[in-house]
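Structure assessment
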Amino acid sequence: NAGVTQTPKFQVLKTGQSMTLQCAQDMNHNSMYWYRQDPGMGLRLIYYSASEGTTDKGEVPNGYNVSRLNKREFSLRLESAAPSQTSVYFCASSKTSGRVRGTGELFFGEGSRLTVL
Amino acid sequence: KNEVEQSPQNLTAQEGEFITINCSYSVGISALHWLQQHPGGGIVSLFMLSSGKKKHGRLIATINIQEKHSSLHITASHPRDSAVYICAVRLYGNKLVFGAGTILRVKS
């Protein structure tokens with residue numbers, strides 16, 4: 001059981017380059033999340049997908065796009081990378097039941113460290 | 001004002017001390033999560049709460065839904081408890097909102 005798998009773990013880009021961070025979970029979870037972690041800023045939600053076929057903006061969506069390819073996979077794309085996007089990116093997933101209170105333990109990937117020069 | 005406020009931001013304790021980290025939120029939630037991140041490490045889920053109290057080893061988490069407040073307690077703290085502790089709330093619709101985190105250092 002691999003849990004939540006993120007790739008790549010490390011990436012260096014030049015300003016203006018594009019790339020996609022991949023996330024896959026094998027736990028049949030319906031909700032998936034992308035967030036970034038910066039020193040002194042805590043975790044900030046970029047985008048999330050409450051269920052297959054839906055995506056919604058989080059706190060800091062500018063400069064990013066996402067695709068919920070299927071129930072397992074949720075990718076994050078940087079179309080034109082900027083130095084301000086240098087960060088550690090985490091993907092997470094949970095099994096939730098919409099408005100049912102109390103569902104949905106969170107599982108995290110190991111993180112992807114991105115540097116934009 | 002952030003929807004999730006944690007306190008304290010930084011906490012230094014002596015080994016063996018009882019530690020409390022607080023989390024207050026201002027929105028309706030379906031669940032609250034306590035997370036742990038060791039320096040340079042990944043993020044681990046400690047608890048998910050929607051009511052009452054949960055205990056796991058030396059860790060205890062409580063939540064008061066009416067007061068929109070949760071606490072994480074560590075009994076008999078140890079240097080290996082040194083980490084960042086993060087409170088996150090799940091809104092109806094499954095959006096997650098994170099607190100800024102509490103940096104805990106336990107000295108031996």
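Being a predicted model, the structure only gives us computed values, none of them experimental.

**Details of the sheet that holds strand β8 (residues 74–78) of chain A**
Residues and elements named next belong to chain A. Strand order across the open sheet formed by four strands is β1-β3-β8-β7, with antiparallel pairing between neighbours. Pairing within the sheet leaves two strands with one partner each, and these edge strands are β1 (4–7) and β7 (65–68). In this sheet, neighbouring strand axes are inclined to one another by 15° on average, regardless of whether the strands run parallel or antiparallel. Note that β1 and strand β3 (residues 19–25) share four bridges and pair antiparallel.

**Focus: the environment of A:L13**
Residue and element names in this part refer to chain A. Tracing the chain through its elements places L13 in strand β2 (residues 10–13). Distance in space between the C-alpha atoms of L13 and P83 is 9.1 Å, their sequence separation being 70 residues. Other than its neighbours up to four places away in sequence, L13 contacts S18, M19, A81, L114, T115, V116 and L117.

**Brief notes about the nonpolar core**
Counting residues in each nonpolar core, the largest one holds 25 residues, and the members touching the most others are B:I29, B:L32, B:W34 and B:V89. Looking at this core, the elements that each hand over two or more residues are β3 (19–25), β4 (29–37), β5 (43–49), β7 (59–64), β8 (69–74), β9 (83–91) and β11 (102–107) of chain B. Apart from the residues lying within four places of it in its own chain, the contact partners of B:L32 are B:C23, B:Y25, B:F47, B:M48, B:L49, B:I63, B:S70, B:C87, B:A88 and B:V89. Residues A:M19, A:L21, A:M32 and A:I46 belong to the second largest nonpolar core, which totals 21 residues.

**Observations concerning the packing of aromatic side chains**
Counted according to the given criterion, the structure contains five aromatic pairs over all chains. Within the aromatic cluster, the residues linked to one another by ring pairs are A:Y35, A:F90, A:F108 and B:F98.

**Observations concerning the confidence of the model for chain A**
Looking at chain A as a whole, the pLDDT averages 89, with 91% of positions reaching at least 70. Between residues 98–102 of chain A, whose pLDDT stays under 50, and residues either more than four places distant or in other chains, the model counts ten contacts.

**Quick notes on the state of the cysteines**
All told, the structure shown has two disulfides over all chains when counted by the stated rule. Paired by a disulfide, A:C23 and A:C91 hold their sulfur atoms 1.9 Å apart. On the sign convention where negative means left-handed, the S-S torsion of about -75° between A:C23 and A:C91 marks this disulfide as left-handed. Here the residue A:C23 occupies a position in strand β3, and A:C91 occupies one in strand β9 (residues 87–94), the gap between them amounting to 68 residues. Judged on exposure class, the residue A:C23 and its partner A:C91 are both buried. For B:C23, the disulfide goes to B:C87, at an S-S distance of 2.0 Å. Around the S-S axis, the bridge from B:C23 to B:C87 shows a dihedral of about -60° and counts as left-handed. Placement of the pair is B:C23 in strand β3 and B:C87 in strand β9, with a sequence separation of 64 residues. Owing to a relative accessible area of 0%, B:C23 belongs among the buried residues under this scheme.

Basis of the calculations
Residues numbered from 1 in each chain as written. Chains lettered and ligands numbered in written order. Predicted model: local features only at pLDDT ≥ 70, side-chain atom pairs only at ≥ 80, totals over all residues. Heavy atoms only, no water. Pairing = 2+ DSSP bridges. Helix = DSSP H or I, 4+ residues; strand = E, 2+ residues; numbered from the N terminus. Axes fitted to C-alpha atoms, helices over the stretch in contact; angles between N-to-C directions. Contact = heavy atoms within 4.5 Å. Core = buried A, V, L, I, M, F, W, Y, C linked by side-chain atoms within 4.5 Å. Buried < 20%, exposed > 50% of the residue type's maximum accessible area, 1.4 Å probe, protein only. Phe/Tyr/Trp six-rings, centres within 6.5 Å; stacked < 30°, edge-to-face > 60°. pLDDT = per-residue confidence, 0-100. Disulfide = S-S within 2.5 Å.

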